[in-house]
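The primary structure of each chain is shown beneath.
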Amino acid sequence: MKRITILGSTGSIGTQTLDVVRKNREDFEVVALTAGNNVELMVKQMEEFQPSVVVMKDEEKAEQLEVLLRDKKVEYDGQILYGMEGFICASTLPEVDIVVAAMVGMIGLRPVMRAIEAGKDIALANKETLVTAGHIIMPLAEKYGVKILPVDSEHSAIFQCLNGEKRSQIETIFLTASGGPFRKSTKEELEHVTVQQALAHPNWSMGKKITTDSATMINKGLEIIEAKWLFGVDLEQIHVLVQPQSIIHSMVGFCDGSVMAQLGTPDMRLPIQYALYYPDRMYLDDTRLDFEKIMQIHFEKPNTDVLRGIPLAVEASRRGGSMPTVMNAANEYAVAKFLREDIKFLQIYDMIEFAMKSHTPVENPDLDEILMVEQETYKRLEKWSTASK
C-alpha cells in the first residue's frame, strides 16, 4: 500500500487524484490533504478519507474548517494545521511514500523541495516547480534518489514513451497541444474575448488558471521548459504540434528515425494513476479509443504570431536564471486580473512582456531569490497597472 500526501486536494488534479484513490482503496492510504480556501470541499474529503493531517492556507481558513466540522458533526481526530509550516509538515511526514504536488502557483515550491529532501517521490502536477526552479529540483532529486513522476498528460506521455529507452538517444520531443479554444482566431477577434470564452476548453476539464493558460498557449510554453528539465534535452529538441483531437498526448523521436507516441482519451486520471502506480499499470474505467471511428489524426503548427505564449516562454528559458520566474509570476498576475475582468485577454501578453523587459536576470537563483523575484514582479506589475489606469 502506498501512503499519499496531496498538496492541493480541492483543485482539479487533487480531486481527480482522490477519484483514483477512491476506486483503488486497497492500494492507497491518504495520509495528508492540503488546500487553499475551499473549506466545504475539504470537510467532505476529510469525512471520506480520514487523513491524519489537514492543512489550510491560513489560520482563518483553518478556524473556518474546525467550525464547519462541528456544525456538520463530522468526527475527525487528526491534526488541522495552516500556512507554509503546515504544508511542509504534510509533505515530509515519515509515513508518506509519495507526494502529489497539485498546488497551483509558486506556493508549492518549498513543500516540494522539502519533500524531496525527506526522500519522498513526487507526482508532479505543479508547473511552477520546474519552470522556476528546475536547476535546483532535478539535481536535488538525483541527490536524494527521488523519482519525479510527471502528471501533466503531455509529460506523462513522453515519460511513458521513454520507458526502457536511453535519454541520450532522444532526437526530438514532439509536445502536442489541443490549441485551445482560439487556435484559429485572429488578433482582431481576440480583442473582444470574454472570460467565459477563454474557459470553454474544447477537450479537457481543468481549473480556471490552467484553462486560461491553455487559451493563451502559455501553458504549452511552460511545458516546454518543464520538458527541458524533466528529460534533459535542449530547447531546440522540443517541438510543439497542435493535435486538436487530443488523442496523441505527445511523441518522442529517436536518433534512428523511429517515433513513439502515447495515445488515449483526454482523461487526467490516466497520467495521475500511472504516476501513482509506476512502474506498474492498473485497470482504469475510462472510454477506450475506437480506431475504426477515428478517420484521421490531424496536426497543425501552433499560431505563435497571435497566441504568443510559446515564444515568450522560450525567450524566458533561453535568457535563463530568474527570467522564467518573472515570466511565470507575470502570467499568474495577469491571468488573475483577466479572470476578474480587470484586463483584456491580449493584455496578458503585454504584462508578461513588460515584466520581462523590466528585469535583469539573476544567474542560478536560490529558493529565496526566486521567491523574492516573484514578489518584485507582482509589485512592478501592480505599480504599472495603477499608472496605466
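Residues numbered from 1 in each chain as written. Predicted model: local features only at pLDDT ≥ 70, side-chain atom pairs only at ≥ 80, totals over all residues. Heavy atoms only, no water.

## Looking at the overall build of the protein chain
Here is step 1: A count of helices and strands for the protein chain gives 16 helices and eleven strands.
Here is step 2: Taken against the 2.2 N^0.38 rule, which gives 21 Å for 389 residues, the C-alpha radius of gyration of the protein chain at 21 Å falls within 12% of a compact globule.
Here is step 3: When its C-alpha atoms are laid out on the principal axes, the protein chain stretches across 55 × 55 × 40 Å.
Here is step 4: Considering the protein chain as a whole, with its 389 residues, one finds that 56% of them fall into the buried category.
Here is step 5: Total accessible area computed for the protein chain in this model is approximately 17400 Å², and 48% of it derives from carbon and sulfur atoms.
Here is step 6: Mean positive and mean negative side-chain charge positions of the protein chain (42 and 56 charges, respectively) differ by 3 Å. (Helix = DSSP H or I, 4+ residues; strand = E, 2+ residues; numbered from the N terminus. Rg over C-alpha atoms; globule rule 2.2 N^0.38 Å. Buried < 20%, exposed > 50% of the residue type's maximum accessible area, 1.4 Å probe, protein only. Areas by Shrake-Rupley, 256 points an atom, 1.4 Å probe, with all protein chains shown as cover. Lys, Arg positive; Asp, Glu negative; His and termini not counted. Charge placed at Lys NZ, Arg CZ, Asp CG, Glu CD.)

## What to know about the sheet that holds strand E9 (residues 238-242)
Here is step 1: The sheet built from four strands is open, its strands ordered E9-E8-E10-E11 with mixed pairing. Because the sheet does not close on itself, it has two edges, and the strands there are E9 and strand E11 (259-263). Ignoring which end each strand starts from, the neighbouring axes of this sheet average 20 degrees apart. (Pairing = 2+ DSSP bridges. Axes fitted to C-alpha atoms, helices over the stretch in contact; angles between N-to-C directions.)

## Side note on the state of the cysteines
Here is step 1: The tally for this structure, following the rule as stated, stands at zero disulfides.
Here is step 2: There is no disulfide at Cys161, and the cysteine sulfur nearest it, in Cys255, is 15 Å away. (Disulfide = S-S within 2.5 Å.)

## With respect to the sheet that holds strand E2 (residues 28-34)
Here is step 1: Here we have seven strands laid out as an open sheet, ordered E4-E3-E2-E1-E5-E6-E7, and parallel in their pairing. Looking at which strands have only one partner, the edges of the open sheet turn out to be strand E4 (79-82) and strand E7 (148-150). Neighbour-to-neighbour, the strand axes of the sheet open up by a mean angle of 25 degrees, direction not taken into account.
Here is step 2: Pairing between strand E3 (residues 53-56) and E4: four bridges, direction parallel.

## Examining the pattern of salt bridges
Here is step 1: Across all of its chains, the model carries 26 salt bridges by this definition.
Here is step 2: When the shortest N-O distance is used, the salt bridge between Lys184 and Glu300 registers 3.5 Å. Taken together, the residues span a long stretch of sequence, with Lys184 in the loop between strand E8 (170-177) and helix H8 (187-190) and Glu300 in the loop between helix H12 (269-277) and helix H13 (309-319) at a distance of 116 residues.
Here is step 3: Look at Lys184 and you get exposed, because its relative accessible area is 62%.
Here is step 4: Put simply, Asp350 and Arg308 hold a salt bridge, and the shortest N to O gap is 3.7 Å. Here the residue Asp350 occupies a position in helix H15 (residues 347-357), and Arg308 occupies one in the loop between H12 and H13, the gap between them amounting to 42 residues.
Here is step 5: You can call Asp350 partly exposed: its relative accessible area is 35%.
Here is step 6: Overall, the relative accessible area of 21% leaves Arg308 in the partly exposed class.
Here is step 7: Because the salt bridges share partners, they merge into one network encompassing Asp19, Arg22, Lys23, Arg25, Glu48, Asp267, Arg269 and Asp285. (Salt bridge = Lys/Arg side-chain N within 4 Å of Asp/Glu carboxyl O.)

## Here's the deal with unusual backbone geometry
Here is step 1: Look at the link from Tyr278 to Pro279: it is a cis peptide, with omega at 10 degrees.
Here is step 2: One can find Pro279 in the loop between H12 and H13.
Here is step 3: Despite not being glycine, Gln50 has its phi angle at roughly 45 degrees, a positive value.
Here is step 4: Among the residues examined, Gln50 registers a relative accessible area of 37% and is labelled partly exposed.
Here is step 5: Although it is not a glycine, Asn364 adopts a positive phi angle of roughly 45 degrees.
Here is step 6: Here Asn364 shows up in the loop between H15 and helix H16 (367-388).

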